[in-house]
Amino acid sequence: MIALGILSTLLYSFVSADLEIAPYEVTKTHEGWEERSMPALKWVSCQGFDIRPHDGISHEIVFFKLFSYIDGHNDQNMKIPMTAPVSFRIIPGEGPNCEGNYTMSFFIPTFLQENTPLPTDPEVYIEERPAMNVAAMQFTGFPGDIEFSKKAAELYTMAAEEGVNVADVPLWTAGYDGPNVIINRRNEVWLEM
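Residues numbered from 1 in each chain as written. Predicted model: local features only at pLDDT ≥ 70, side-chain atom pairs only at ≥ 80, totals over all residues. Heavy atoms only, no water.

> Even after reading the chapter, I still don't get the side chain of Glu-188, so can you show me in this structure?
The residue Glu-188 is located in strand 9 (residues 187-192) in this model. Owing to a relative accessible area of 0%, Glu-188 belongs among the buried residues under this scheme. A polar side-chain atom of Glu-188 sits 2.7 Å from a polar atom in the side chain of Arg-36. Here the side chain of Glu-188 touches Gln-138 through a polar contact of 3.3 Å, side chain to side chain. Ignoring any residue separated from it by four or fewer positions in sequence, one finds Glu-188 in contact with Arg-36, Met-137, Gln-138, Phe-139, Phe-148, Trp-172, Thr-173, Ala-174 and Tyr-176. (Helix = DSSP H or I, 4+ residues; strand = E, 2+ residues; numbered from the N terminus. Buried < 20%, exposed > 50% of the residue type's maximum accessible area, 1.4 Å probe, protein only. Polar contact = N/O pair within 3.5 Å; in protein donor to acceptor, adjacent residues only side chain to side chain. Contact = heavy atoms within 4.5 Å.)

Pasting the structure below:
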């Protein structure tokens, strides 16, 4: 298990500041958060089920399925550059201590948006994510599920105080840095508007 954790850390460290970031437009800036317009784009995705999407054991399993896709396990046997962010769409379970449904996704690089290699793993799929407007909050550190939830609650309150209606479900989270980045890390929570 330790070896799997080390390998996961090494693979996840491919996410760095030099990578292509999924585009968005900031439509309005508020103190501590912003409103964004995110265009329709393709993402490679895989679903997981866990009470702790970021901290649970299924996180590694789902991550490796997506990493395998970009490492050449696709119908074109193409190695695909890592991008940022790694996003999570989380729908919590009903009730305390219930397994939630989440989707982890990697942004498909711009040059492959039209001719996207198809996954060979039946649990991995190309998601044509529609355009959406979100409230977004950026923060630093090494967050886990509790910290992401706290930041989402904080964002929800700040948006409500500004008269901006946001949904509390699904919760979107985004990580832009691998674990090798120890300062100035970029993490986000998004709430759909």
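> Whenever I open this one, the pairing of strand 8 (residues 171-175) confuses me. Can you help?
Within a regular strand, side chains alternate between the sheet's two faces. Counting buried positions over the five residues of strand 8 gives five, a clear majority of the element. The alternating pattern of strand 8 places Leu-171, Thr-173 and Gly-175 and Trp-172 and Ala-174 on opposite faces, both of which are buried. In terms of strand pairing, strand 4 (residues 86-91) meets strand 8 through five bridges, oriented antiparallel. The residue bridging Val-86 from the neighbouring strand is Gly-175, located in strand 8. (Pairing = 2+ DSSP bridges.)

> Just checking my understanding: could you explain helix 2 (residues 57-70) for this structure?
Count 3.6 residues to each turn of an α-helix, and residues three or four apart come out pointing the same way. Buried residues of helix 2: Ser-58, His-59, Val-62, Phe-63, Phe-64, Leu-66, Phe-67, Tyr-69 and Ile-70, and no others. In the segment just after helix 2, Gly-72 is the residue with positive phi, at about 115 degrees.

> Would you explain unusual backbone geometry in this entry?
A negative phi angle is the norm for most residues apart from glycine, just as the trans form is the norm for most peptide bonds. Between Ala-84 and the following residue, Pro-85, the backbone shows a cis peptide bond with an omega angle of 0 degrees. Following the sequence through the fold, Pro-85 ends up in the loop between helix 2 and strand 4. Residue Pro-170 is reached from Val-169 by a cis peptide bond, and omega for that bond is 0 degrees. Looking at the element boundaries, Pro-170 is found in the loop between helix 3 (145-161) and strand 8. Backbone geometry places Asn-77, a non-glycine residue, at a positive phi of 50 degrees. Position of Asn-77 among the secondary structure elements: in the loop between helix 2 and strand 4. The exposure class assigned to Asn-77 is exposed, which follows from its relative accessible area of 63%. Even without being glycine, Asn-184 reaches a positive phi, approximately 55 degrees. Looking at the secondary structure, you find Asn-184 in the loop between strand 8 and strand 9. Under the relative-accessibility criterion, Asn-184 is labelled exposed at 68%.

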